[in-house]
Amino acid sequence: MLRTALREVSTALKEGQVSPTELCQRCLSLIKATKFLNAYITVTEDTALRQAEESEKRYRRGQSLGDLDGIPVAVKDNFSTTGIETTCASNMLKGYIPPYSATVVQKLLDQGAVLIGKTNLDEFAMGSGSTDGIFGPVRNPWSYSKQYREKCGQNSHLENEDSSWLITGGSSGGSAAAVSSFTCFAALGSDTGGSTRNPAAHCGVVGLKPTYGLVSRHGLIPLVNSMDVPGILTRCVDDAATVLGVLAGHDPKDSTTVQDPFNPFKLPSVIDVSKLCIGIPKEYHIPGLSSETLAVWSKAADLFENAGARVIEVSLPHTCYSIVCYHVLCTAEVASNMARFDGLEYGHRSNMDKSTESMYAATRREGFNDVVRGRILSGNYFLLKQNYEKYFIKAQKVRRLIANDFVNVFSSGVDVLLTPTTLRDAVPYVEFIKEDNRTRSAQDDIFTQAANMSGLPAVSIPTALSEKGLPIGLQFVGRAFQELQLLTVAKWFEKQAKFPILQLQEMLDHADALSHQKISLSS
Amino acid sequence: MPSTFSQGNFPLNVESIKHTIDQNPEWQLEEQKPLPQKKVTMELLDHLERLALVDFRNWEGVERLEKAIQFADQLHEVNTEGIEPMDSVLEDRCLYLRGDNITEGNCTKELLQNASQTAEEYFEAPPGNIPLPKLEEHESFLQDSN
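Just so it is clear, the model here is predicted, and its values are computed rather than measured. (Residues numbered from 1 in each chain as written. Chains lettered and ligands numbered in written order. Predicted model: local features only at pLDDT ≥ 70, side-chain atom pairs only at ≥ 80, totals over all residues. Heavy atoms only, no water.)

Novice: How do you make sense of the overall build of chain A when you look at a structure like this?
Specialist: A tally of helices and strands in chain A yields 19 helices and eleven strands. Against the globule reference of 24 Å for 523 residues, chain A gives a C-alpha radius of gyration of 22 Å, in line with a compact fold. Seen along its three principal axes, the alpha-carbon backbone of chain A occupies a region of about 65 × 65 × 50 Å. Evaluated residue by residue, chain A yields a buried proportion of 69% over its 523 residues. A fraction of 78% describes how many contacts in chain A between residues 6 or more apart in sequence connect residues 24 or more apart. The distance from the centre of the 52 positive side-chain charges to the centre of the 55 negative ones in chain A is 2 Å. (Helix = DSSP H or I, 4+ residues; strand = E, 2+ residues; numbered from the N terminus. Rg over C-alpha atoms; globule rule 2.2 N^0.38 Å. Buried < 20%, exposed > 50% of the residue type's maximum accessible area, 1.4 Å probe, protein only. Contact = heavy atoms within 4.5 Å. Lys, Arg positive; Asp, Glu negative; His and termini not counted. Charge placed at Lys NZ, Arg CZ, Asp CG, Glu CD.)

Novice: Sorry if this is basic, but what is going on with the UniProt feature "domain: Amidase" (unreviewed entry) in chain A here?
Specialist: All names here are of chain A. Per the UniProt record, "domain: Amidase" (unreviewed entry) is annotated on residues 27-145 and 167-487. Helix makes up 26% of residues 27-145 and strand makes up 13%, while its end C-alpha atoms are separated by 19 Å. For residues 167-487, helix accounts for 41% and strand for 14%, while the C-alpha atoms at its two ends are 27 Å apart. (UniProt positions renumbered as here; feature names shortened; annotations may be inferred.)

Novice: I tried to follow the interface of chain B and chain A on my own but got confused; where do I start?
Specialist: Frequently, the measure chosen for interface size is the accessible area removed from exposure when the parts meet. At the junction of the two partners, chain B supplies 85 residues and chain A supplies 106 residues. With both chains or domains summed, chain B and chain A bury close to 8,700 Å², and 64% of this area falls on carbon and sulfur atoms. Counting the contacts that link chain B with chain A gives three salt bridges. In this structure, the salt-bridge partner of Arg93(B) is Asp260(A), at a minimum N-O distance of 3.0 Å. On inspection of chain B and its partner chain A, the count reaches 24 residue pairs in polar contact (both at pLDDT 80 or more). (Buried area = accessible area lost by both parts, 1.4 Å probe. Salt bridge = Lys/Arg side-chain N within 4 Å of Asp/Glu carboxyl O. Polar contact = N/O pair within 3.5 Å; in protein donor to acceptor, adjacent residues only side chain to side chain.)

Novice: Honestly, the layout of surface pockets in this entry has me stumped. Any pointers?
Specialist: In this model, the largest pocket occupies a volume close to 850 Å³. In terms of residue class, the lining of the largest pocket is made up of 13 nonpolar, nine polar and seven charged. (1 Å grid on protein atoms, 1.4 Å probe; cavity = no way out; pocket = protein on both sides within 12 Å on 5 of 7 lines; lining within 4 Å. Points joined across faces, edges and corners; volume = space filled by probe spheres on them. Nonpolar A, V, L, I, M, F, W, Y, C, P; charged D, E, K, R; others polar.)

Novice: Is there a simple way to explain helix H14 (residues 385-410) of chain A in this structure?
Specialist: Helical geometry: 3.6 residues make up each α-helical turn, so side chains three or four residues apart lie on a common side. Taking 1.5 Å of rise per residue, 26 residues should cover 38 Å, and H14(A) covers 37 Å from first to last C-alpha, within 8% of that figure. If you look at H14(A), its biggest bend is around 30°, right at Lys394(A). (Expected span 1.5 Å × (residues − 1). Bend = angle between axes of the 7 residues up to and from the residue.)

Novice: What is the right way to look at helix H2 (residues 20-33) of chain A in this model?
Specialist: Here H2(A) contains 14 residues, and its C-alpha end-to-end distance of 20 Å stays within 8% of the 20 Å for a straight helix at 1.5 Å per residue. Regarding H2(A), the residues found buried are Pro20(A), Thr21(A), Leu23(A), Cys24(A), Cys27(A), Leu28(A), Leu30(A), Ile31(A) and Ala33(A).

Novice: Is there a simple way to think about the UniProt feature "active site" (unreviewed entry) in chain A in this case?
Specialist: Residue and element names in this part refer to chain A. When the UniProt feature table is mapped onto this chain numbering, "active site" (unreviewed entry) sits at Lys76, Ser171 and Ser195. Separation in sequence by 120 residues is not matched in space for these annotated residues, since their most distant C-alpha atoms are only 11.1 Å apart. Mapping lysine 76 onto the fold places it in strand E2 (residues 72-76). In this view, lysine 76 contacts Lys118, Thr119, Leu121, Ala125, Ser171, Ser172, Ser175, Leu188, Gly189, Ser190 and Ser195; residues no more than four positions away in its chain are not counted. Checked against the element boundaries, serine 195 lands in the loop between strand E4 (186-191) and helix H8 (197-203). Classification of serine 195 as buried rests on a relative accessible area of 8%.

Novice: Help me understand the packing of aromatic side chains in this model?
Specialist: Aromatic ring pairs: the centre-centre distance and the angle between the two ring planes describe each pair. According to the stated counting rule, one finds 18 aromatic pairs over all chains in the structure shown. Put simply, the rings of Tyr96(A), Phe124(A), Phe341(A), Tyr346(A) and Phe368(A) touch in pairs and so form one group of aromatic residues. Lying across the ring of Phe56(B), Arg373(A) places its NZ or CZ 4.1 Å from the centre. Over the ring of Phe71(B) we find Arg438(A), and its NZ or CZ is 4.9 Å from the ring centre. (Phe/Tyr/Trp six-rings, centres within 6.5 Å; stacked < 30°, edge-to-face > 60°. Lys NZ or Arg CZ within 6 Å of the ring centre and 35° of its normal.)

Novice: What is the right way to read the pairing of strand E5 (residues 206-209) of chain A from this model?
Specialist: Regular strands place side chains that alternate from one sheet face to the opposite one. Residue and element names in this part refer to chain A. Taking every second residue as pointing to the same face, both faces of E5 are buried, with Val206 and Leu208 on one and Gly207 and Lys209 on the other. Direction of pairing for E5 relative to strand E6 (residues 229-234): antiparallel, over a ladder of three bridges. Opposite valine 206, over in E6, you have threonine 234 as the bridge partner. (Pairing = 2+ DSSP bridges.)

Novice: What am I meant to see in the packing of H2(A) against helix H3 (residues 45-60) of chain A here?
Specialist: Residues and elements named next belong to chain A. In contact at an axis separation of 7 Å, H2 and H3 are set at 155° when each is read in the N-to-C sense. When the axes of H2 and H3 are compared, the pair comes out roughly antiparallel. In terms of crossing hand, the pair formed by H2 and H3 is right-handed. Along the contact surface, H2 presents Pro20, Thr21, Cys24, Gln25, Leu28 and Lys32, while H3 presents Glu45, Ala48, Leu49, Ala52, Glu53, Ser55, Glu56 and Tyr59. The residue makeup of the contact of H2 with H3, split by class, is seven nonpolar, three polar and four charged. (Axes fitted to C-alpha atoms, helices over the stretch in contact; angles between N-to-C directions. Parallel < 35°, antiparallel > 145°, perpendicular 65-115°, else oblique. Left-handed = near helix turned anticlockwise from the far one by under 90°.)

Novice: Where do I start with the sheet that holds strand E1 (residues 40-43) of chain A in this structure?
Specialist: Residues and elements named next belong to chain A. The strand order E1-E3-E2-E4-E6-E5-E10-E11-E9-E7-E8 describes an open sheet built from eleven strands, whose pairing is mixed. Looking along the sheet, the strands with just one partner apiece sit at the ends: E1 and strand E8 (310-314). The sheet shows a mean angle of 30° between the axes of neighbouring strands, taken without regard to direction. Across three bridges, E2 lies against E4 in parallel orientation. Directly across from valine 75, in E4, lies its bridge partner leucine 188.

Novice: In this structure, what is going on with the pairing of strand E3 (residues 114-119) of chain A? I would like to understand it.
Specialist: Residue and element names in this part refer to chain A. The buried fraction of E3 amounts to six of the six residues, a majority that puts the element mostly inside the structure. Across three bridges, E1 lies against E3 in antiparallel orientation. Within E3, the position partnered with valine 43 by the bridge is glycine 117. Here five bridges tie E2 to E3, and the two strands are oriented parallel to one another. By the bridge assignment, lysine 76 is partnered in E3 with threonine 119.

Novice: So what exactly am I meant to see when it comes to the nonpolar core here?
Specialist: If you look at soluble globular proteins, the nonpolar side chains tend to sit buried side by side. In this structure, Phe124(A), Phe304(A), Phe406(A), Leu418(A), Phe476(A) and Phe493(A) are the most contacted members of the largest nonpolar core, which totals 184 residues. Per-element tally for this core: the top contributor is H14(A), with ten residues. Setting aside anything within four residues of it in sequence, one finds Phe476(A) in contact with Phe304(A), Val416(A), Leu417(A), Leu418(A), Pro457(A), Ala458(A), Val459(A), Ile461(A), Leu486(A), Val489(A), Ala490(A) and Phe493(A). The next biggest cluster of nonpolar side chains, apart from the first, holds six residues, and it includes Leu344(A), Met359(A), Tyr360(A) and Leu53(B). (Core = buried A, V, L, I, M, F, W, Y, C linked by side-chain atoms within 4.5 Å.)

Novice: How should I be thinking about the environment of Leu303(A) in this particular structure?
Specialist: All names here are of chain A. With respect to the secondary-structure elements, leucine 303 resides in helix H10 (residues 291-306). When its relative accessible area of 17% is taken as the criterion, leucine 303 is described as buried. Between the C-alpha atoms of leucine 303 and phenylalanine 493, which are 190 residues apart in sequence, the distance is 8.5 Å.

Novice: What exactly am I supposed to notice about the confidence of the model for chain B here?
Specialist: Low pLDDT marks regions whose predicted coordinates should not be analysed in detail. Residues and elements named next belong to chain B. Per-residue confidence for chain B gives a mean pLDDT of 76, with 66% of residues at or over 70. When the criterion is pLDDT under 50, residues 7-19 qualifies, and its contacts beyond four places in sequence or with other chains add up to 24 contacts. Across residues 140-146, where pLDDT falls below 50, the model places ten contacts with residues more than four positions away in sequence or in other chains. For this predicted complex, the interface score ipTM comes out at 0.88, alongside a pTM of 0.91. (pLDDT = per-residue confidence, 0-100.)

Novice: For this particular structure, what's the right way to read the pattern of salt bridges?
Specialist: Between side chains of opposite charge, a pair can form as their charged atoms come close. In total, this model carries 23 salt bridges over all chains according to the counting rule given. Glu60(B) serves as the salt-bridge partner of Arg64(B), at 3.4 Å between the closest nitrogen and oxygen. Residue Arg64(B) and its partner Glu60(B) are located together in helix H2 (residues 59-72), separated by four residues, close to a single helical turn. Its relative accessible area of 25% is what places Glu60(B) among the partly exposed residues. Here the salt bridges share partners, and the residues they tie into one network are Arg424(A), Asp425(A), Glu431(A) and Lys468(A).

Quick look at the structure:
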């Protein structure tokens, strides 16, 4: 039951095959059994059960609110949630209880979704591993999968497990791990440079970044206002479309949401790709790309061609500058956005009280980790009067060049772009931390970043397992506000790829034996 | 049912794939040409600290900053002649502005609840108009407060 798609579970709830409280309890048990993944910062057990009970009453009266009624969902801990601690995995906001909920969270709750918990992330969503938060790193569920352990000749000694586990990618690693390990049916992430798609690829789930302006950012604690987008993580494309249908649309509280009417859609079940033109950006073939990912990418291109689509090579000439451009724009906006954390109105406050300035500085030193402080410092440098033109304005000009690259490609007849999502499959944590956050982000964001720069919708689809038995994802980038077309193509591809289900049962049985609690993924 | 990309197909014979993707890589990641090392002066650091207030005036902060600047300098390779800066991808649209009517508020209690030091209905702050100490005084200043 926990492994099924949203729509199927929804039907099961309507038909009474399972009740919302049962479903909620199973998810909560599974969360306890998979605690070592560290995917959740807060598990909202009491409120979730209460919400599940309310949902049950509605189902009994035959008045369910929709497809999401009674469905357990998780939310990344940088979305404000009324009455529930929202930390951004930072000491700055530890203990902070927002007095309001993010619009997207409220929309989920209004549809009857059951909020099962707040998920772990890199501090303030800065990072590509979900390793740099104060609650510790998130472990990729695939580290414990039958698929990986068989390939890597792992024996089942717990001691070995502990040093070789893999990262989830980031920064929405907790959300990706939560969806991947079946503890919820959908999760919210955020995507500024790839933070939803990157962990989706590493954890073998679908990660959708909607068009900038389609989904409200009100209540999403901002990183880069001109690039941030709430992301959706699910186990299949249909589910992503369902969740998008609930979240998208103009929000008067977020003036960067467009006013165009949004019509929720259901993806067709029969899809013909023969009239499509798929673009393969040649600049995305870089030396760091693993040969496995390259092979999977090639094979995918062939799949489309064999189905009658026109598959052509295209050029996005400014790709190689997108990371540098992002580095400047991101740090500049971060410098501005983080200025609100001064300890006065909310969040951590230092005991230093000699002056406001010294209190602010001490508060921020104590509250932020080095990554955040480093970005604030760099951002302020690029915004200095003497540097403004040379760095910030320059980066904004380069941004236009990057965005124009996409405009040119899409106006030449290409419908959707097909690219890798990440350079390779997930690496072990001990290897990942050998390089610093900035270096890693620069390497890992390479394929995903440009979509944020240009505001275009993009989705990562789990495609194949690597030689190590780990997920490899491919990314589709679509035209602005054309999520229907993007997800239709993605759904067709998902059907072709037949990506295998994560086999966790063996690991859970092992955990059972220790905890004497029977956890089962099957109905 | 075996997946389309199932294990049996690996390692793929790359040459045999009818490829649309050119098998030769396009460009190098992070090709950093050696640039004259930017010197971050004490004066600059003090100035930045007053703006940033992150208390990063140590060798680590300087090192990070210098690396960040070096990385950003790659931007100057790009020809942006005649290109307008882009603030937002929604620049062609007129964004929604609410009418100037009060629709919410009166939540003083909730807002004050999150602050650590309040007095009556005020947020309490330490005395202002005291400049941050300069770098030389910095170390002793911090020690005094602890």
